[in-house]
Amino acid sequence: MRISEIFTSLQGEGTRQGNPCLFIRLTGCNLACRWCDTAYAKEGGVETGCDAILERVWRENPRLVCITGGEPLLQKDALLGLLVSLHKRGTAVDIETNGTIDFTDVQPYADICMDVKCPSSGEKSDLSLLAKIRPEDSVKFVVGNDEDCRYAQEVIEHHAIAGEVFFSPVYGTDYQPVVRFILDHNLPVRFQVQLHKILGVK
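Notes on the structure follow. All values derive from a computational prediction rather than experimental measurement.

1. Structural notes on the nonpolar core
Logical step 1: Of all hydrophobic cores here, the largest spans 43 residues; its most connected members are Ile24, Ile67, Leu82, Ile95, Phe141 and Phe167.
Logical step 2: With residues up to four places along the chain from it excluded, the contact list for Ile95 reads Ile67, Pro72, Leu73, Leu83, Val106, Ala110, Asp111, Ile112 and Cys113.
Logical step 3: Ranked by size, the runner-up nonpolar core spans five residues in total, among them Phe7, Cys21, Phe23 and Leu64.

2. Let's talk about the environment of Glu157
Logical step 1: Mapped onto the elements, Glu157 comes out in helix α3 (residues 146-158).
Logical step 2: Relative accessible area serves as the criterion here: at 57%, Glu157 is assigned to the exposed category.
Logical step 3: Separated by 30 residues in the primary sequence, Glu157 and Leu187 place their C-alpha atoms 9.5 Å from one another.

3. A word on the sheet that holds strand β7 (residues 138-143)
Logical step 1: Within the open sheet, the nine strands sit side by side as β3-β1-β2-β4-β5-β6-β7-β8-β9. Their pairing is mixed. With partners counted over all chains shown, the strands left at the sheet margins are β3 (46-47) and β9 (190-191), one partner each.
Logical step 2: Taken together, the four bridges between strand β6 (residues 111-116) and β7 define a ladder with parallel strand orientation. The residue bridging Cys113 from the neighbouring strand is Ser138, located in β7.

4. Some thoughts on the pattern of salt bridges
Logical step 1: Tallied over the entire structure, the rule returns 17 salt bridges.
Logical step 2: Linking Asp137 and Arg134 is a salt bridge whose minimum nitrogen-to-oxygen distance equals 2.9 Å.
Logical step 3: Of the charged contacts, one joins Asp184 and Arg180 as a salt bridge, the two residues approaching to 3.1 Å between their closest N and O atoms. Residue Asp184 and its partner Arg180 are both found in helix α4 (residues 176-184); the two are separated by four residues, about one turn of the helix.
Logical step 4: Looking at Asp184, the relative accessible area reads 51%, which means it is exposed.
Logical step 5: Through salt bridges with shared partners, a single network forms among Arg16, Asp94, Asp111, Arg134, Glu136 and Asp137.

The rules we used
- Residues numbered from 1 in each chain as written.
- Predicted model: local features only at pLDDT ≥ 70, side-chain atom pairs only at ≥ 80, totals over all residues.
- Heavy atoms only, no water.
- Core = buried A, V, L, I, M, F, W, Y, C linked by side-chain atoms within 4.5 Å.
- Buried < 20%, exposed > 50% of the residue type's maximum accessible area, 1.4 Å probe, protein only.
- Contact = heavy atoms within 4.5 Å.
- Helix = DSSP H or I, 4+ residues; strand = E, 2+ residues; numbered from the N terminus.
- Pairing = 2+ DSSP bridges.
- Salt bridge = Lys/Arg side-chain N within 4 Å of Asp/Glu carboxyl O.

Written as structure tokens, this is what we have:
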């Protein structure tokens, strides 16, 4: 796999927010979101064998591993071997994906967090994948303005989503309109800020 970086931090988002986590960031992405905060992971990186990655995992002994990107599922074939090994070890695994690539073949080994792209991102996710979200998975809408909130509301109303749904405001924007939108429309979502950015950790 081509790896951008491996590091330990607190999980800043999703259902396991606040938990210590080993992040494995894969290189490459098929989208170009306007508010992307990891553009450096689109190219470069180092070709790294599964054994070398597992050696790092065994050394650090994390309870939680997050596979992220970029878009990690672009390297899904190579990733499967790593996921099987982590699953056998009993390590909890999250995969963060942009919702453009089918993730069903990795779900036996990881919980999925599908980031549904809103209009302000300039990109689109495959909304048909929402039907494959399980109760242990989650869906995140990164919202930057009222249009994004209305789009997310429409998606929620037209798709039965089994997992937890998050509204996460774009970092650095005014959070209050997002909070107000959730309350005014009584949305079945959880408001969440990016904890790692607030704490100033990676």
